[in-house]
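What follows is each chain in one-letter form.
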Amino acid sequence: MTPKEEHERYLLEAILSNSISSDNPSNKAKEKARKNSPSYFKALKENLMVEYENKKLLDIEGSKIINTDVGETLSIVKSEKIDFKLDENNFRNQMNYNLKLIPRIGVKTEQNLKNAGYETIDSLKNHDKYGDYASKFIDNIDEMSFKEIVSLLNKNKYGKKCRDNLIKCASIPDVENFKFMDIETLGLSNVPIILIGVAEIKNNKIISSQYFLRDIYEEPSVLEAYISHLDEDSVHVTFNGAMFDVPFIKNRCRYYRMNPNLDLPHLDLLYFARNLWKNTLPNCQLQTIEKYIFGIERSGDVPGQYIPGYYQTYLTEKNIGPIVPIIDHNRQDIISLANFLMKMYDIVNDS
């Protein structure tokens, strides 16, 4: 066997050792398989019930009962320091150099125009074909809302540079308007939302507000409590929320004949994570990014498929133990979103 073949075999054995299906799985692989088994999560639930026996929801730090327009629900509020900062990048001025933002200008047309000396949209104002569009754009650029800017950028995703603009533009809104949001549900569709978490930046702190469904009948109150955080300037920041969280909330609101405005600007960080790290990380799941980019490795998490069973046990046994890790998981998710946004913003502005 050649040295190259020996090296390739060594690598193959190392990879297989991390698989439980190999002939000689590593201890790490064995532990991972154990923690992915139903018996592990059954035992975890039982241990949690022992640990939290006789504890009440109001024993959870930061919890209190609040009133909404449609009834009471449980609120859990915590805050911690955060150095949240998005350096000024003068993005509105950067838009002036993106000729593709003008109707009927694509990649090739932009290049032809720049070769002809039209470097900015402002310089196009006297162009026979694009002058009217350019003049209107320049006249309106300072008055464009963030929602209008995001909508315009979403229509002009011609390549990596264009996609990066959707993170660069995060410098425009006030940071207080970001709503880092995540939900926990009893399934993938047409079932109750049991927990909504939203984190907000205020001064040098990140404040997490979570609303928990103490009983199935409280879902309208949970929805209303979250909606109370939103106004016309709010910006959703989620991880797969454009496809899951926000449509799910809309569906539950329709079910209860609630009609809030949820059509807000939206930065879905899963989309940007795939652009940035799909070739360097094992996958682009939220916890994978935490581990490899931020050095955060969670323990005691409950995967989504076990949440309905844990929640049902909480309801039937009147024991808060099974829902404590779900609440902790949700809070960590929304705090991580703030760190993700800062990291992604720095990367695309430095590239």
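All chains use their own residue numbering, which begins from 1 and follows the written sequence. With pLDDT at 70 or above as the cut-off, local features in this predicted model cover only qualifying residues; side-chain atom pairs require 80 or more to be listed or tallied, and sums for whole chains, interfaces and linings still use all residues. Heavy atoms throughout the structure, all of them, feed into the side-chain values; hydrogens and water do not.

S.K.: How do you make sense of the packing of helix α3 (residues 38-51) against helix α13 (residues 307-317) when you look at a structure like this?
M.R.: The angle between the axes and the distance between the axes are what describe a pair of packed helices. Lines fitted to C-alpha atoms define the axes, with helix axes restricted to the stretch in contact, and inter-axis angles between N-to-C directions lie between 0 and 180 degrees. Helix and strand definitions here come from DSSP, where helices need a minimum of 4 consecutive H or I residues and strands a minimum of 2 consecutive E residues; each element is numbered from the N-terminal end. The geometry of α3 relative to α13 is characterised by a closest axis approach of 11 Å and an angle of 30° between their N-to-C directions. At the point where α3 passes α13, the crossing takes the right-handed sense. The segment α3 lies against α13, with F41, L44, K45, L48 and M49 engaging G309, Y310, T313 and E317. Its residues assigned to classes, the contact of α3 with α13 comprises 5 nonpolar, 2 polar and 2 charged. Two helices that cross are described as forming a left-handed crossing if the nearer one is turned anticlockwise from the farther one by less than a right angle, and a right-handed crossing if clockwise. We call two residues in contact when some of their heavy atoms are within 4.5 Å. In this classification, Asp, Glu, Lys and Arg are treated as charged, Ala, Val, Leu, Ile, Met, Phe, Trp, Tyr, Cys and Pro as nonpolar, and every other residue, Gly included, as polar.

S.K.: Help me understand the packing of helix α9 (residues 219-227) against helix α10 (residues 245-255) in this model?
M.R.: Direction vectors running N to C along α9 and α10 enclose 125°, while the axes themselves pass 10 Å from each other. As summarised for this structure, α9 and α10 are arranged oblique, according to the angle between their axes. In terms of crossing hand, the pair formed by α9 and α10 is left-handed. In this structure, α9 contributes E219, L223, Y226 and I227 to the contact, and α10 contributes I249, R252 and C253. Angles are sorted into four bins: roughly parallel if under 35 degrees, roughly antiparallel if over 145, roughly perpendicular if 65 to 115, and oblique for all others.

S.K.: Any chance you could explain the pairing of strand β3 (residues 178-185) here in plain terms?
M.R.: Two faces belong to every sheet, and in a regular strand the side chains alternate between them. Among the 8 residues in β3, 8 count as buried, and that is most of the element. To sort residues, take the accessible area from a 1.4 Å probe on protein chains only and compare it with the maximum for the residue type: under 20% means buried, over 50% means exposed, and anything in between is partly exposed. Residue alternation in β3 divides its side chains into two sets, F178, F180, D182 and E184 and K179, M181, I183 and T185, and both sets are buried. As judged from the 3 bridges shared by β3 and strand β6 (residues 235-238), these two strands associate in the parallel manner. Across the sheet, residue F180 finds its bridge partner in β6, namely V237. For two strands to be treated as a pair, DSSP must find at least two bridges joining them. Of the strand pairs in this sheet, β3 and strand β4 (residues 193-202) are connected by 6 bridges, and their pairing is antiparallel. Paired with D182 across the strands is G197, a residue of β4.

S.K.: Is there a simple way to think about α3 in this case?
M.R.: The α-helix advances 3.6 residues per turn, and as a result positions three or four apart in sequence lie on the same side. For α3, with 14 residues, the first-to-last C-alpha span of 20 Å sits near the 20 Å given by 1.5 Å per residue. All of the buried residues in α3 are Y40, F41, L44, K45, L48 and M49. Multiplying one less than the number of residues by 1.5 Å gives the expected span of a helix.

S.K.: What is the right way to read a negative patch on the surface from this model?
M.R.: Note on patches: the residues involved have over 30% relative accessible area and no salt bridge, like charges join within 9 Å, and the nonpolar side chains Val, Leu, Ile, Met, Phe, Trp and Tyr join within 5 Å. Using a 1.4 Å probe, the Shrake-Rupley method yields the accessible areas, and only the shown protein chains count as cover for residues. What makes a salt bridge here is a side-chain nitrogen of Lys or Arg within 4 Å of a carboxyl oxygen of Asp or Glu, nothing more. Under the counting rule used here, the positive set is Lys and Arg, the negative set is Asp and Glu, and His together with the chain ends is not counted. By convention, charge coordinates are those of NZ in Lys, CZ in Arg, CG in Asp, or CD in Glu. A contiguous patch of negative charge on the surface is contributed by D174, E176, D231, E232 and D233. Among the structural elements, D174 can be located in the loop between α8 (160-168) and β3.

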